[in-house]
Amino acid sequence: MATVQTPMEPCGMVRPKSWDDKVEEAYRFQLAGYRDEREYAHLTQANVERWPHNGYIKKLIRKDGCWYYFNKTRECSEKDVSKCKLYSYSQDK
């Protein structure tokens with residue numbers, strides 16, 4: 001009998017006060033409907049495609065099966081920084 005692995009649940013969450021690359025990463029995943037890269041990898045079994053020059057996410061598969069395309073530059077505006085959520089996991093501490 002095969003066991004189904006469930007994604008690890010986060011043990012904490014904070015809202016950022018200022019923009020940085022981690023906030024940009026989380027913003028793009030959350031815009032596509034995912035909590036973070038761990039949830040995306042678990043649900044889609046797909047690799048994240050990134051822009052080669054800066055490492056930002058280029059495109060993601062949304063939960064409805066459509067694609068979400070992102071620009072090469074920053075997409076998370078200052079007004080959206082505090083709406084973003086940064087999750088932590090017990091093994092990260």
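Calculation notes
- Residues numbered from 1 in each chain as written.
- Predicted model: local features only at pLDDT ≥ 70, side-chain atom pairs only at ≥ 80, totals over all residues.
- Heavy atoms only, no water.
- Helix = DSSP H or I, 4+ residues; strand = E, 2+ residues; numbered from the N terminus.
- Core = buried A, V, L, I, M, F, W, Y, C linked by side-chain atoms within 4.5 Å.
- Buried < 20%, exposed > 50% of the residue type's maximum accessible area, 1.4 Å probe, protein only.
- Contact = heavy atoms within 4.5 Å.
- Pairing = 2+ DSSP bridges.

Participant: Can you help me understand unusual backbone geometry in this one?
Facilitator: A negative phi holds for most residues other than glycine; trans holds for most peptide bonds. Phi at Gln 45 takes a positive value of approximately 55°, unusual for a residue other than glycine. Within the secondary structure, Gln 45 sits in the loop between helix H2 (37-44) and strand S2 (49-50).

Participant: It is not clear to me how the nonpolar core should be interpreted in this structure. Could you clarify?
Facilitator: Looking at soluble globular proteins, one finds that nonpolar side chains tend to be buried together. Within the largest apolar cluster, 8 residues are counted, these being Phe 29, Ala 32, Tyr 34, Tyr 40, Val 48, Ile 57, Leu 60 and Phe 70. Non-local contacts of Ile 57, meaning those with residues more than four positions away in its chain, are made with Glu 25, Arg 28, Phe 29, Val 48, Glu 49, Arg 50, Trp 51, Phe 70 and Asn 71.

Participant: Is there a simple way to explain the pairing of strand S3 (residues 57-61) in this structure?
Facilitator: Every regular strand shows the same layout, with side chains that alternate between the two sheet faces. The pairing of S2 with S3 spans 2 bridges and is antiparallel. Within the sheet, the bridge partner assigned to Arg 50 lies in S3 and is Ile 57. The hairpin turn running from S2 into S3, its antiparallel successor, is 6 residues long, and Gly 55 in that turn takes a positive phi close to 80°. With 3 bridges connecting them, S3 and strand S4 (residues 67-69) associate as antiparallel partners. Within S4, the position partnered with Ile 61 by the bridge is Trp 67. A loop of 5 residues connects S3 with S4, the two strands running antiparallel in sequence, and Gly 65 in this loop sits at a positive phi of about 95°.

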